[in-house]
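Coordinates in review
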Amino acid sequence: MIERSLFSPDHEAFRDSFRKFVEKEISPFHAEWEEQGYVAREVWRKAGENGFLCMSMPEAYGGSEADKLYSVVQMEELARAGTTGIGFGLHSEIVAPYILHYGTEAQKARYLPKLASGEMVGAIAMSEPAAGSDLQGIKATALEQADGSYVLNGSKTFITNGWHADLVVVVAKTNPAAGGKGTSLMLVERGMSGFSVGKRLKKVGMKAQDTSELFFDNVKLGPEHLLGGKAHENRGFICLMEQLPWERLQIAIGAVASAQAAIDWTVDYVKERKVFGQPVASFQNTRFTLAELQTEVQVARVFVDKCCELICQDKLDTATASMAKYWTTDLQCKVMDECVQLFGGYGYMWEYPIARAYADARVQRIYGGTNEIMKEVITRSMGLGAR
């Protein structure tokens, strides 16, 4: 295998520390959390106490000013363990960066330390019942009133961390007549009048990850709840586009790590499992299948590692991130399917990690922009966009 050059000894020491945290505080309880549909709130506080949340945020706001590679390590370890219920990545590397990059000083001081400590759990509300990958088609509105406040109305669905969320970055139209150019990001806190959390959605996979509907019924928001203040009013769509390369790369990072974990589980299984008196690994079909899968995952890892280098240099473009997201998640689903086949009947049993990983993988091709949308983004970068 190609030796990875992405991480320093400090990153690997952190990997060891975080892996121990996962083994102690997450893995033993994950099956229980899958049954109840959400992880224990306590795991957020413990992660905050150990400095595992918002690591890339400045120290002044409770972070560690760590480079993004520490977060990459964390994503890989969660994927390796099959602990898909943990929403740390979205909280630390999607929600918090929006506030850091676009928020006012008052907004940063109010929210970032609480996100870093685990006192607050963050979510971002983009998708709606009739608007998924098409963010310009959202219907939620946050209309300015005569006194300078905003009134938010609408609903969101498929919201990760929605059940636990204390702070939600809500994508809404502040100027509906302007389409995508009239979109802003609003900061909504748990307990605000008119804001309610709907039912937890029952999914095919990722069963421990709390995914909810959110409803906004005449939620009155002060000017301080417009992310970035007036300077960023109607610039929400631009902000979303600027952050998409990192968001989509995070999906690719998890896809490759999950695929490698599946191969490792399968290699161990076929060495032990016997069919017709001999190990499953002794059959050429088994060996060739695993050889093909390992080759493709190795190729994917080299590509994703290069993308990680680029994101740390602020050089990763949207088209390349879209390539990584679509190709690795397609590969993840292929790997899971082939590995389930090699497990045979046991691969379809929920008690086996491969079965859960198979179910968890499917949504990767949908969220963060469907893979069909990724191909549209790529072709536009090639000058082949639809007219």
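Overview of the structure.

Rules of the game
- Every chain's residues receive numbers from 1 upward, in the order its sequence appears when written.
- In view of the model being predicted, local features appear only for residues whose pLDDT reaches at least 70, and side-chain atom pairs are presented and counted only at 80 or more, with totals across whole chains, interfaces and linings using the full set of residues.
- Excluding hydrogens and water, the side-chain values take into account all heavy atoms of the structure.
- Basic side-chain nitrogens of Lys or Arg form a salt bridge, by our definition, when they fall within 4 Å of a carboxyl oxygen of Asp or Glu.
- Helix and strand definitions here come from DSSP, where helices need a minimum of 4 consecutive H or I residues and strands a minimum of 2 consecutive E residues; each element is numbered from the N-terminal end.
- Disulfides are defined as pairs of cysteine sulfur atoms found within 2.5 Å of each other.
- A fitted line through C-alpha atoms represents every axis, and for helices the fit uses only the stretch in contact; the resulting angles, taken between N-to-C directions, go from 0 to 180 degrees.
- Roughly parallel means an angle under 35 degrees; roughly antiparallel means over 145; roughly perpendicular covers 65 to 115; every other angle is labelled oblique.
- Two helices crossing with the near one rotated counterclockwise from the far one by less than a right angle form a left-handed crossing, whereas a clockwise rotation gives a right-handed crossing.
- Every residue pair with non-hydrogen atoms within 4.5 Å of one another is taken to be in contact.
- Following the grouping adopted for this structure description, the nonpolar residues are Ala, Val, Leu, Ile, Met, Phe, Trp, Tyr, Cys and Pro, the charged ones are Asp, Glu, Lys and Arg, and the polar ones are all others, Gly among them.
- Buried Ala, Val, Leu, Ile, Met, Phe, Trp, Tyr and Cys residues form a nonpolar core when they are joined through side-chain atoms within 4.5 Å.
- Exposed residues in this analysis have more than 50% of their type's maximum accessible area, buried residues have under 20%, and partly exposed residues fall in between, with area computed by a 1.4 Å probe over protein chains only.

1. A word on the pattern of salt bridges
Applying the stated rule across the entire model yields 21 salt bridges. Two residues, Asp 16 and Lys 20, come together in a salt bridge whose shortest N-O distance is 3.3 Å. Taken together, the residues span about one helical turn, with Asp 16 and Lys 20 both in helix α1 (residues 9–36) at a distance of four residues. Each of Arg 4, Glu 12, Arg 15, Arg 19, Glu 76, Glu 77, Arg 80 and Asp 305 takes part in a single network of salt bridges with overlapping partners.

2. Focus on the state of the cysteines
By the definition in use, this model includes zero disulfides. In this model Cys 307 remains outside any disulfide bridge; the closest cysteine sulfur is found in Cys 308, 7.1 Å from its own.

3. Describing the packing of helix α4 (residues 88–102) against helix α5 (residues 105–117)
Interhelical geometry of α4 versus α5 gives an angle of 165° and a closest axis separation of 9 Å. It follows from the interaxial angle that α4 and α5 lie roughly antiparallel. Handedness of the α4/α5 crossing: left-handed. Listed contacts from α5 to His 91, Val 95, Ala 96, Ile 99 and Leu 100 of α4 are Gln 107, Lys 108, Tyr 111, Leu 112 and Leu 115. A breakdown of the residues in the contact of α4 with α5 according to their chemical character gives seven nonpolar, two polar and one charged.

4. Describing the nonpolar core
Among the nonpolar cores identified, the biggest contains 60 residues, and Phe 18, Ile 26, Phe 88, Leu 249, Ile 253, Cys 308 and Val 335 are the most heavily contacted of them. In contact with Phe 18, not counting residues within four places along its chain, are Phe 52, Gln 74, Glu 77, Leu 78 and Phe 88. Of all hydrophobic cores here, the second largest spans 30 residues; its members include Leu 112, Met 120, Leu 185 and Leu 227.

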